[in-house]
Amino acid sequence: NAAMLFTGFSNMAGTFGPLPLDLGGFGLAGCTAFVSLDLAVLALGDNSRAEVATMVPDLQALVGLEFYQQAAVFDPAANGPGFVVSDAAKGIVGG
């Protein structure tokens, strides 16, 4: 019912190097980072569902901008760090 939603503007390079990045070295066996970490938002919900709304300025220059999102879901029983990551999604402003 709680997750960190990461939004990035790259799916090729991130803070820790090239993407995708195997997170096994960080204690997250079987998890992979697919997006750069440009923005993080806490998402709270219930029944295993959370929604996040984001405002995008009405600017012609942003039309066609690609962004990528991936969530880190809190799961204390999963591993030492206590979370697992989702698959990733791609979005396009105005697309």
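Data block above holds the structure.
Let me begin by describing the structure that accompanies this report. (Residues numbered from 1 in each chain as written. Predicted model: local features only at pLDDT ≥ 70, side-chain atom pairs only at ≥ 80, totals over all residues. Heavy atoms only, no water.)

1. Here we look at the overall build of the protein
Helix and strand counts for the protein stand at zero helices and nine strands. Listing every helix and strand of the protein by position from the N terminus yields β-β-β-β-β-β-β-β-β. Taking the principal axes of its C-alpha atoms as reference, the protein extends roughly 45 × 35 × 15 Å. Among the 95 residues that make up the protein, the fraction classed as buried is 22%. Total accessible area on the protein stands at roughly 6300 Å², and carbon and sulfur atoms take up 60% of it. (Helix = DSSP H or I, 4+ residues; strand = E, 2+ residues; numbered from the N terminus. Buried < 20%, exposed > 50% of the residue type's maximum accessible area, 1.4 Å probe, protein only. Areas by Shrake-Rupley, 256 points an atom, 1.4 Å probe, with all protein chains shown as cover.)

2. Some points on the side chain of Asn-79
Following the sequence through the fold, Asn-79 ends up in the loop between strand 8 (66-74) and strand 9 (83-92). Among the residues examined, Asn-79 registers a relative accessible area of 19% and is labelled buried. Here the side chain of Asn-79 touches Gly-82 through a polar contact of 2.9 Å, landing on its backbone nitrogen. At 3.0 Å, the side chain of Asn-79 forms a polar contact with the backbone oxygen of Phe-83. Contact partners of Asn-79, with chain neighbours within four places excluded, come to Gly-27, Leu-28 and Val-84. (Polar contact = N/O pair within 3.5 Å; in protein donor to acceptor, adjacent residues only side chain to side chain. Contact = heavy atoms within 4.5 Å.)

3. As for the layout of surface pockets
As a volume, the largest pocket reaches approximately 310 Å³. As for the largest pocket, its lining consists of 18 residues, and the residues nearest its centre are Phe-6, Phe-16, Leu-23, Ala-33 and Leu-37. If you list the elements that add at least two residues to the lining of the largest pocket, you get strand 8 and strand 9. Partitioned by chemical class, the residues of the lining of the largest pocket number 13 nonpolar, five polar and no charged. When its volume is computed, the second largest pocket comes out at roughly 260 Å³. Lining the second largest pocket are 15 residues, and of these Thr-7, Phe-9, Thr-54, Val-56 and Phe-67 lie nearest its centre. Within the residue set of the lining of the second largest pocket, elements represented by two or more residues are strand 1 (2-8), strand 6 (39-46) and strand 8. Looking at the lining of the second largest pocket residue by residue, the classes come out as twelve nonpolar, three polar and no charged. (1 Å grid on protein atoms, 1.4 Å probe; cavity = no way out; pocket = protein on both sides within 12 Å on 5 of 7 lines; lining within 4 Å. Points joined across faces, edges and corners; volume = space filled by probe spheres on them. Nonpolar A, V, L, I, M, F, W, Y, C, P; charged D, E, K, R; others polar.)

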